[in-house]
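Topology and contacts: notes
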Amino acid sequence: MSEVVRFCVSIEKPLYHQMQKLLHKSGYANRSEFIRDLIREHLVKEEWKSNKEALGTITLIYNHHKRQLSERLIDLQHDHHQNILATTHVHLDHDMCAETIMVRGRAQKIEKLANLLRREKGVLHASLSIGSTGRQLV
Ligand code: NI
């Protein structure tokens, strides 16, 4: 474990109260862990901005009756098999499917793949959740 550093922070009172509210709402036991996680969240965003090796999850919602859509989505995933770690498909009801695709690779490549999948006609919703390999977060 790394050496712990203590530092003093000065912030405006209203902002301090906002922080306390957030801390309470999120269920954090202490401010240090809350601040650590805020910094880590910022670091992950920086990893994505600077096109570092990243982890992500793409979630798609689509109607599988749409002509050849399932095939096109599978083809796209095979074209990017180096970046895909796992795919989970859930049949939401008679028509609708949800698919989560766990991806790893350069941030821009993952964003490009998410956009390719999103652009497919018949994909009703696509979201990209950004994650990290965790190397720079300790
Ligand atoms: Ni399905």
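Residues numbered from 1 in each chain as written. Predicted model: local features only at pLDDT ≥ 70, side-chain atom pairs only at ≥ 80, totals over all residues. Heavy atoms only, no water.

General note: in soluble globular proteins, nonpolar side chains tend to be found buried as a group. One finds Ile58, Leu60 and Leu117 to be the most contacted residues of the largest nonpolar core, which totals 21 residues. For this core, the secondary structure elements donating two or more residues are α2 (31-49), β1 (53-63), α3 (69-79), β3 (96-106), α4 (107-119) and β4 (123-132). Of all the elements, α4 adds the most residues to this core, at five residues. If near-sequence neighbours (up to four positions away) are discounted, Leu117 is found in contact with Ile58, Leu60, Leu73, Leu76, Ile101 and Val123. (Core = buried A, V, L, I, M, F, W, Y, C linked by side-chain atoms within 4.5 Å. Buried < 20%, exposed > 50% of the residue type's maximum accessible area, 1.4 Å probe, protein only. Helix = DSSP H or I, 4+ residues; strand = E, 2+ residues; numbered from the N terminus. Contact = heavy atoms within 4.5 Å.)

Time to look at α4. If you check α4, its first and last C-alpha atoms are 18 Å apart, about what 13 residues at 1.5 Å a residue would give, namely 18 Å. Taken together, the buried positions of α4 are Ala107, Ile110, Leu113, Ala114 and Leu117. The arc that holds every buried residue of α4, seen down its axis, measures 125°, which confines them to one face. In α4, those exposed residues whose orientation departs by more than 90 degrees from the buried face are Lys112 and Arg119. Residues of α4 that are buried make contact with α2, β1, α3, β2 (84-91), β3 and β4. (Expected span 1.5 Å × (residues − 1). Arc of directions from axis to C-beta.)

Metal coordination angles have textbook ideals: 109.5 degrees for a tetrahedral set of four donors and 90 or 180 degrees for an octahedral set of six. Distances from the nickel ion to its protein donors, His89 (NE2), His91 (ND1) and Cys97 (SG), fall at 2.1 to 2.4 Å. Counting along the primary sequence, the residues that act as donors to the nickel ion give the motif H-x1-H-x5-C. Exposure remark for His89: the relative accessible area of 33% places this residue in the partly exposed category. (Donors = N, O, S within 2.8 Å, 3.2 Å for Na, K, Ca; no water.)

What follows is about the packing of helix α1 (residues 13-26) against α2. Contact pair α1 / α2: the axes reach a minimum separation of 11 Å and the direction vectors enclose 95°. By the angle class used here, α1 and α2 are roughly perpendicular. Counting all contacts with α1, which are made through Tyr16, Met19, Gln20, Leu22, Leu23 and Ser26, the residues of α2 involved are Arg31, Phe34 and Ile35. For the contact of α1 with α2, the per-class residue count stands at six nonpolar, two polar and one charged. (Axes fitted to C-alpha atoms, helices over the stretch in contact; angles between N-to-C directions. Parallel < 35°, antiparallel > 145°, perpendicular 65-115°, else oblique. Nonpolar A, V, L, I, M, F, W, Y, C, P; charged D, E, K, R; others polar.)

Right, let's talk about the pattern of salt bridges for a bit. Tallied over the full model, the rule gives six salt bridges. For Arg36, the salt bridge is made with Glu33, and the minimal N-O distance between the two is 2.5 Å. Here Arg36 and its partner Glu33 are both found in helix α2, three residues apart, which amounts to about one turn of the helix. One salt bridge in this structure joins Glu120 and Arg72, with 2.3 Å as the shortest N-O distance. In this pair, Glu120 sits in the loop between α4 and β4 while Arg72 sits in helix α3, placing the two residues 48 residues apart along the sequence. Here the salt bridges do not stand alone but share partners, grouping Glu33, Arg36, Asp37 and Arg40 into one network. (Salt bridge = Lys/Arg side-chain N within 4 Å of Asp/Glu carboxyl O.)

Under the counting rule described, the total for this entry stands at one aromatic pair. Relative to Phe34, the ring of Tyr28 has its centre 5.2 Å away and its plane inclined at 80°; by these criteria the two rings are edge-to-face. Look at Phe34 and you get buried, because its relative accessible area is 6%. (Phe/Tyr/Trp six-rings, centres within 6.5 Å; stacked < 30°, edge-to-face > 60°.)

Before going further, it helps to examine unusual backbone geometry. With phi around 55°, Asn51 is a residue other than glycine that occupies positive phi space. With respect to the helices and strands, Asn51 occurs in the loop between α2 and β1. Positive phi is not limited to glycine here, since Gln68 has a value of about 60°. Residue placement: Gln68 occurs in the loop between β1 and α3.

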